[in-house]
Protein chains: 2
Amino acid sequence: MAASTLANWAVDLKYSNLSSSALRAAVRSFYNWTGCAIGGSNHEAVAITRDSLSPFFGKPTSSLYGQATKTDAQHAALINGIASHVHDYDDTHLDTIIHPTGPVASALLAYAESKGVVSGEDFILALTAGIEAECKIGLSVWPEHYDVGWHITSTTGSIGAAVAVGKLMGLNADAMQNAIGVAATQVTGLREMFGSHTKALHAGRAAQNGLLAALLAEKGFTSSEGSLDGKRGWVNVVSTQSKIDEVFGTLGKTWEIEKNAFKPFPCGIVIHPIIDGCIQLREELLADGKEPKDIKSVELQVNRLVLELTGKKKPKDGLEGKFSVYHGAAIGLVLGKASPAEYQDSVVQDQKIIEVRDRVRATVQGDIPPESCVITITMNDGTTLEKRISNAVGSTEKPMTDEQLIDKFLDQTSSVVGKEAAQKLSGSCLALERSADISASMTIR
Amino acid sequence: MAASTLANWAVDLKYSNLSSSALRAAVRSFYNWTGCAIGGSNHEAVAITRDSLSPFFGKPTSSLYGQATKTDAQHAALINGIASHVHDYDDTHLDTIIHPTGPVASALLAYAESKGVVSGEDFILALTAGIEAECKIGLSVWPEHYDVGWHITSTTGSIGAAVAVGKLMGLNADAMQNAIGVAATQVTGLREMFGSHTKALHAGRAAQNGLLAALLAEKGFTSSEGSLDGKRGWVNVVSTQSKIDEVFGTLGKTWEIEKNAFKPFPCGIVIHPIIDGCIQLREELLADGKEPKDIKSVELQVNRLVLELTGKKKPKDGLEGKFSVYHGAAIGLVLGKASPAEYQDSVVQDQKIIEVRDRVRATVQGDIPPESCVITITMNDGTTLEKRISNAVGSTEKPMTDEQLIDKFLDQTSSVVGKEAAQKLSGSCLALERSADISASMTIR
């Protein structure tokens, strides 16, 4: 059955099996995750979680990013997981819009630090196994599972986290299968929560669910052989259109992690083409001696997902701004950038932004894929400008370069841990493959 | 929206609003839960969980039943929750087959002990609010939600646990609504896991999910207003046939806790009529001078759920025995009882039991309700005996008496904590309404 197929594949996977591009993708994924976990660590959703749960903290073995402290691995997995997703600035497996590294790395790093000495190679191997598991399961039920209302990042993420931690534990195939089952039964994440703190909780809780699953399975806790594809197993309960056999046939043949993309903008991936296009249009306007305030109207032609996910016309604060393609277009046109600073409450509530935002209209065009858009601007003087985006920066076709990733990392982390520590961590993290001890590499001193 | 309706109802509920029969049912429910949590505490699923997670235990505030120790409230909720459900000996809200007290009481007691002085009245009020929330939500999606493969005890239990803990915290309606949302998004429990340790984990994890939700909401963590009935809210994602508005209209008018039934036998409720009938038939056989070994065949006419849930023909061990109507019939006929002792591996593997078990055939009769059955025995001498059961012992129509509940409690707990402590705890627990401090009453010294 499918859980056994996945368990055997993960148990047998060796470092030497990883393609060089999978390896590079794993390091970049973990690097981007680290920046996001630190960058998100002072968000109020993270602060509330920390305050709420600190009375329950156990033995401090694992880094709590953004705090000069450690906590037990279960709480570290939860809280770092929330931090890594809370700015919607993490990575995206574009075929499923899973944000894969959050659940997996949050669990894996927390566990690795609690375990003792773990090499960079072992860590990368486990991370890759987990991300492959997560994305393959996601592909098995995409898109119907997401359409019905599940937050696919966390519903698959718990399974990915269990596989990653189980791999680092050295579980045998039976125990790995049990870990997969315990993770699968904890189906966390309703899309209804988008726009609230709970969206980020999904990534953290998925990490914790997967960690719990591996910890229990390691000591002999049992689940079902049919946990994934039995009559009442995961794919058949959370979806009605499973392709799991076909997709699992590609395990180790096509690497999902190679398709992982990194976000240049801290918001839903579906807005990225619009932001990218609007930033470019602003540059053209300015070059032409025109000003964004003289825009009369903005017409967006977009894929249906854009309005489904980010259709908020009048966002009230920074969080809602992330779910507003209108805000995304406005900051692109008025400010020419979209970093976490442009998603602060004050910017979303700025009259200058609101005026342009209110002139934006978006319509769904059936034949436009999610990675594309057409933007048409009409100025008060009657002139028009059009921009067609086929693939935004950060897409598979136009990936962020290492330099762009490093800029993003340092921008996120310097203000939290200081410039020197940020530089040092950046270096350790990029040299992950050669690390003799992940805990030593990743601890911020 | 529905989450707001539920939150307002729970926040406004007063002790004086509880009907006297709801109050009595709450005390009996908690009493039965306590016996089950202690009785299940030395099951291997509980031992594995304790061993796996003890490295993460935080400040010991809350009883870990069956252990002369305490742990932090989150782990106590998880582990006591598993223990209370692991023998399938807990309670049943018969209209939904939810086992309601496990998730709710496990979270609530653990939290109450960590909080400080909590009166019995406040505890009962919170417990009842939680169980009402859980069962009303269950009724909203029954039976389709269960049929598709969700373990309704835990999928609704996390919400019940959040409401109970939130009530004891004194959350206002906004925070209570957020707690409901955080609990709702953690949809734990696939029926595929039945027959493994993970089934019991569902009850414990639901308790922990609900506790987490209330703790976060207390400090201002946000979820969505549509968490229950929004387009992608709970009822619309985990079911396609919601009756939530209609059912929530009965909050505080009909008390679900009054319909809570207690199990005389430690196995799925759907086998109870068969066990009850077989025990009665054995008595008739013996009175007639006949012996169970001379049974030639046993024909069971049952509801479809019996075979769906408990159709294992050749159970290999005690756990599988619980999912075998054939084993249930055999122990009733051969041993005349069904306590945890009759579900030990040695009994399931006993040749004397297997011989009778193999002579049992079960067929589904469309018009037989789940609480009924018809049993026909044919003896080697050609004589036949028939027994029709309309309502088994432990059903709403034929509830366990207080004396039967006390016998069950002492049977479960005496071997774990000793006879004297069991008697003492039994007395404190039955006097719950008059307790000035729940922690003092419930701690086993």
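Quick caveat: nothing in here was measured; it's all calculated off a predicted structure.

1. Quick word on the overall build of chain A
Regarding its fold elements, chain A presents 21 helices and nine strands. For 445 residues, the compact-globule estimate of 2.2 N^0.38 gives 22 Å, and chain A sits close to it at 22 Å. Principal-axis analysis of the C-alpha atoms places the extent of chain A at approximately 70 × 50 × 40 Å. Counting only contacts in chain A whose residues sit at least 6 apart along the sequence, the fraction spanning at least 24 positions is 76%.

2. Let's talk about the environment of Ala 68 of chain B
For Ala 68 of chain B, the location among the structural elements is in the loop between strand S1 (62-64) and strand S2 (69-71). The spatial distance from the C-alpha of Ala 68 of chain B to the C-alpha of Thr 443 of chain B is 9.7 Å, given a sequence separation of 375 residues.

3. With respect to the packing of helix H2 (residues 20-39) of chain B against helix H5 (residues 101-115) of chain B
Residues and elements named next belong to chain B. Direction vectors running N to C along H2 and H5 enclose 85°, while the axes themselves pass 10 Å from each other. Here H2 is positioned roughly perpendicular relative to H5, judged by the angle of their axes. Residues Ser 29, Phe 30 and Trp 33 of H2 pack against Thr 101, Gly 102, Ala 105, Ser 106 and Leu 109 of H5. Looking at the contact of H2 with H5 residue by residue, the classes come out as four nonpolar, four polar and no charged.

4. Overview of the sheet that holds strand S7 (residues 360-364) of chain A
All names here are of chain A. Strand order in the open sheet formed by four strands is S7-S6-S8-S9, with mixed pairing between adjacent strands. Edge positions in the open sheet fall to S7 and strand S9 (384-389), since each of these has one partner strand only. Pairs of neighbouring strands in the sheet enclose a mean axial angle of 15°, with direction left out of account. Direction of pairing for strand S6 (residues 295-302) relative to strand S8 (residues 373-379): antiparallel, over a ladder of six bridges. Residue pairing in the sheet places Leu 300 in a bridge with Ile 375 of S8. Those strands touched by helix H13 (residues 272-287) are S6, S8 and S9, and its axis lies near 140° from that of S9.

5. Some points on helix H8 (residues 152-169) of chain A
Residues and elements named next belong to chain A. Compared with an ideal rise of 1.5 Å per residue, which puts 18 residues at 26 Å, H8 spans 26 Å between its outermost C-alpha atoms and is within 8% of the ideal. The largest bend along H8 reaches roughly 30° and is located at Ser 158. Of all 18 residues in H8, 18 are buried, a share of seventy percent or more. Trailing H8 by a residue or two, Gly 170 shows a phi angle of about 80°, which is positive.

6. So, the side chain of Thr 156 of chain B
Residue and element names in this part refer to chain B. Here Thr 156 lies in helix H8 (residues 152-169). For Thr 156, a relative accessible area of 0% translates into the label buried. At 2.7 Å, the side chain of Thr 156 and the backbone oxygen of Ile 152 are in polar contact. Excluding its chain neighbours within four sequence positions, the residues that come into contact with Thr 156 are Ile 98, Glu 134, Ile 137, Gly 138 and Trp 234.

7. Here's the deal with the relation of the copies chain B and chain A
Between the two copies, chain B and chain A, the superposition gives an RMSD of 0.0 Å; the rotation angle is 180° and the shift along the axis is 0.0 Å. Such a combination of turn and shift is consistent with a two-fold rotation axis. If distances are taken from each C-alpha of chain B to the rotation axis, the shortest is found for Gly 58 of chain B, at 2.0 Å. The share of interface residues of chain B whose copies in chain A are also at the interface is 100%, consistent with both copies meeting through the same surface.

8. So, the pattern of salt bridges
Where charged atoms from two side chains of opposite charge approach closely, those side chains can pair. In total, this model carries 40 salt bridges over all chains according to the counting rule given. Notably, a salt bridge pairs Glu 256 of chain A with Lys 259 of chain A, separated by 2.8 Å at the nearest N-O pair. The partner of Lys 314 of chain B in a salt bridge is Asp 358 of chain B, with the nearest N and O atoms 3.4 Å apart. Of this pair, Lys 314 of chain B sits in the loop between helix H14 (304-310) and helix H15 (318-321) while Asp 358 of chain B sits in the loop between helix H18 (351-357) and strand S7 (360-364), placing them 44 residues apart in sequence. Among the residues examined, Asp 358 of chain B registers a relative accessible area of 44% and is labelled partly exposed. Salt bridges here are not isolated pairs; linked through shared partners, they connect Asp 147, Arg 191, Arg 304 and Glu 308 of chain A together with Arg 232 of chain B.

9. Quick look at the interface of chain B and chain A
The interface is formed by 59 residues belonging to chain B together with 59 residues belonging to chain A. Roughly 4800 Å² is buried in total at the junction of chain B and chain A, and carbon and sulfur atoms are behind 62% of that figure. Taken as a group, Phe 56, Glu 192 and Arg 232 of chain B account for 16% of the area that chain B buries against chain A, more than any other trio of residues on that side. At the junction of chain B and chain A, the tally comes to two salt bridges.

10. Structural notes on the sheet that holds strand S8 (residues 373-379) of chain B
Residue and element names in this part refer to chain B. Reading across from one edge, S7-S6-S8-S9 is the order of the four strands in this open sheet, with mixed pairing throughout. The open sheet has two free edges, formed respectively by S7 and strand S9 (384-389), since each of these has just one partner strand. Recorded for the sheet is a direction-independent mean angle of 15° between the axes of neighbouring strands. With respect to the sheet, helix H13 (residues 272-287) is in contact with strand S6 (295-302), S8 and S9, its orientation differing from that of S9 by roughly 140°. The strands touched by helix H16 (residues 325-335) are S6, S7 and S8; relative to S7, the strand with the most contacts, the crossing angle is about 130°.

11. A short note on the packing of aromatic side chains
Scanning the model with the defined rule gives 15 aromatic pairs over all chains in all. A ring pair is formed by Phe 30 of chain A and Trp 33 of chain A, whose centres lie 5.6 Å apart and whose planes are at 15°; its orientation type is stacked. Placement of both Phe 30 of chain A and Trp 33 of chain A in helix H2 (residues 20-39) is noted, with a separation of three residues, approximately one turn of the helix. For the pair formed by Phe 30 of chain A and Trp 33 of chain A, the shared burial category is buried. Here Trp 9 of chain B and Trp 255 of chain B contribute two aromatic rings whose centre-to-centre distance is 6.3 Å and whose plane-to-plane angle is 50°, an arrangement assigned as tilted. Remark: Trp 255 of chain B occurs in the loop between helix H12 (244-248) and strand S5 (260-262) and Trp 9 of chain B occurs in helix H1 (residues 2-12); sequence separation between them is 246 residues. On the basis of relative accessible area, Trp 9 of chain B is assigned to the buried category, the value being 14%. We classify Trp 255 of chain B as buried; its relative accessible area is 7%. Among the aromatic residues, those joined into a cluster by ring pairs are Phe 30, Trp 33, Tyr 65 and Phe 123 of chain A. Its guanidinium or amino end placed over the ring of Phe 194 of chain A, Lys 199 of chain A lies 5.0 Å from that ring's centre, counting from NZ or CZ. Note that Lys 408 of chain B overlies the ring of Tyr 89 of chain B, its terminal NZ or CZ placed 4.3 Å from the centroid.

12. Topic: helix H9 (residues 173-184) of chain B
Since one α-helical turn is 3.6 residues long, residues separated by three or four positions face the same way. Along its 12 residues, H9 of chain B runs 16 Å from first to last C-alpha, staying within 8% of the 16 Å computed at 1.5 Å per residue. Summarising burial for H9 of chain B: 10 of the 12 residues are buried, a large majority. Among the residues of H9 of chain B, Ala 175, Met 176, Gln 177, Asn 178, Ala 179, Ile 180, Gly 181, Val 182, Ala 183 and Ala 184 of chain B are the ones counted as buried. In the core, the buried residues of H9 of chain B are packed alongside helix H10 (197-218) of chain A together with H1, H8, strand S4 (186-188), helix H10 (197-218) and helix H11 (234-237) of chain B.

13. Examining the confidence of the model for chain A
With 100% of its residues at a pLDDT of 70 or more, chain A shows a mean pLDDT of 96. The complex model carries a pTM of 0.92, and its ipTM stands at 0.91.

14. Some words on the pairing of S8 of chain A
Residues and elements named next belong to chain A. In terms of burial, S8 is largely enclosed, as six of its seven residues are buried. Summarising the sheet, S8 and S9 pair through six bridges and their orientation is antiparallel. Within S9, the position partnered with Cys 373 by the bridge is Ile 389. Hairpin geometry of S8 and S9 is characterised by an intervening segment of four residues between the two adjacent antiparallel strands and by a positive phi of about 90° at Gly 382.

Reading the values: rules and limits
- Residues numbered from 1 in each chain as written.
- Chains lettered and ligands numbered in written order.
- Predicted model: local features only at pLDDT ≥ 70, side-chain atom pairs only at ≥ 80, totals over all residues.
- Heavy atoms only, no water.
- Helix = DSSP H or I, 4+ residues; strand = E, 2+ residues; numbered from the N terminus.
- Rg over C-alpha atoms; globule rule 2.2 N^0.38 Å.
- Contact = heavy atoms within 4.5 Å.
- Axes fitted to C-alpha atoms, helices over the stretch in contact; angles between N-to-C directions.
- Parallel < 35°, antiparallel > 145°, perpendicular 65-115°, else oblique.
- Nonpolar A, V, L, I, M, F, W, Y, C, P; charged D, E, K, R; others polar.
- Pairing = 2+ DSSP bridges.
- Expected span 1.5 Å × (residues − 1).
- Bend = angle between axes of the 7 residues up to and from the residue.
- Buried < 20%, exposed > 50% of the residue type's maximum accessible area, 1.4 Å probe, protein only.
- Polar contact = N/O pair within 3.5 Å; in protein donor to acceptor, adjacent residues only side chain to side chain.
- Least-squares fit on C-alpha atoms with pLDDT ≥ 70 in both.
- Salt bridge = Lys/Arg side-chain N within 4 Å of Asp/Glu carboxyl O.
- Buried area = accessible area lost by both parts, 1.4 Å probe.
- Phe/Tyr/Trp six-rings, centres within 6.5 Å; stacked < 30°, edge-to-face > 60°.
- Lys NZ or Arg CZ within 6 Å of the ring centre and 35° of its normal.
- pLDDT = per-residue confidence, 0-100.

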